[in-house]
Amino acid sequence: MNIFGSIKELIAKYAEVYIKLLKVNVIGKTSGLVAYVMYAFIFLLLFFCTMVLFGFALVEGFCAMGLSRVAASFLTFGIYLLLMVLLVAMRKGITGFFTNTFIRILTEDDNENSEK
């Protein structure tokens, strides 16, 4: 009876340690993913601000070349529309890039552990 009790205690301790390790791994991977998403949001905000200022500069540049402000605005709108069409056409490549990035982030620790 004593042997079975000690084996039962060892199995209980092993299960407890395994569950704690699983929780730590989930927290680590989730925090890495959340950090990457926050980084992406900051990057998108800066990219949006840059594109807005680039649009204003483009309008002013077209005005300096002799176009009216309305024509320069429509030309800038056309350039942005062309960029949006290109982004829609390349959506599979872009979403594939982000999917691969998220998968790499979530499996990064597993690769490091297997190399050791």
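About the criteria used
Residues numbered from 1 in each chain as written. Predicted model: local features only at pLDDT ≥ 70, side-chain atom pairs only at ≥ 80, totals over all residues. Heavy atoms only, no water. Helix = DSSP H or I, 4+ residues; strand = E, 2+ residues; numbered from the N terminus. Rg over C-alpha atoms; globule rule 2.2 N^0.38 Å. Buried < 20%, exposed > 50% of the residue type's maximum accessible area, 1.4 Å probe, protein only. Contact = heavy atoms within 4.5 Å. Polar contact = N/O pair within 3.5 Å; in protein donor to acceptor, adjacent residues only side chain to side chain. Axes fitted to C-alpha atoms, helices over the stretch in contact; angles between N-to-C directions. Left-handed = near helix turned anticlockwise from the far one by under 90°. Nonpolar A, V, L, I, M, F, W, Y, C, P; charged D, E, K, R; others polar. Parallel < 35°, antiparallel > 145°, perpendicular 65-115°, else oblique.

Draft legend 1. Looking closely at the overall build of the chain. Helices and strands together make up the secondary structure of the chain, namely four helices and zero strands. Going from N to C terminus, the chain has its helices and strands arranged as α-α-α-α. Relative to its length of 116 residues, the chain is extended, with a C-alpha radius of gyration of 27 Å against a globular reference of 13 Å. Overall, the chain is about 95 × 25 × 20 Å in size when its C-alpha atoms are taken along their principal axes. Counting across all 116 residues of the chain, residues that qualify as buried make up 9%. Considering only contacts within the chain whose residues lie at least 6 apart along the sequence, 50% involve residues at least 24 apart.

Draft legend 2. Inspection of the side chain of threonine 76 at higher detail. Note on placement: threonine 76 falls in helix 2 (residues 69-89). For threonine 76, a relative accessible area of 5% corresponds to the buried category. A polar atom in the side chain of threonine 76 sits 2.9 Å from the backbone oxygen of alanine 72. Those residues in contact with threonine 76 that sit more than four places away from it in its chain are Gly55, Leu58, Val59 and Phe62.

Draft legend 3. Region of the structure containing the packing of helix 1 (residues 2-64) against helix 3 (residues 91-106). Taken N-terminus to C-terminus, the directions of helix 1 and helix 3 make an angle of 145°; their axes are 9 Å apart at the nearest point. Crossing of helix 1 over helix 3 shows right-handed handedness. Between helix 1, through Lys29, Gly32, Leu33, Tyr36 and Val37, and helix 3, the contact on the second element is made entirely by Thr101, Phe102, Ile105 and Leu106. The class makeup of the residues in the contact of helix 1 with helix 3 is six nonpolar, two polar and one charged.

Draft legend 4. Region of interest: the packing of helix 1 against helix 2. One can describe the packing of helix 1 onto helix 2 by two numbers: an axis separation of 8 Å at closest approach and a directional angle of 135°. As the angle between them shows, helix 1 and helix 2 are arranged oblique. When the axes of helix 1 and helix 2 are compared, the crossing they make is right-handed. Residue-level contacts link Met51, Val52, Phe54, Gly55, Leu58, Val59, Glu60, Phe62 and Cys63 of helix 1 to Arg69, Ala72, Ser73, Leu75, Thr76, Ile79, Tyr80 and Leu83 of helix 2.

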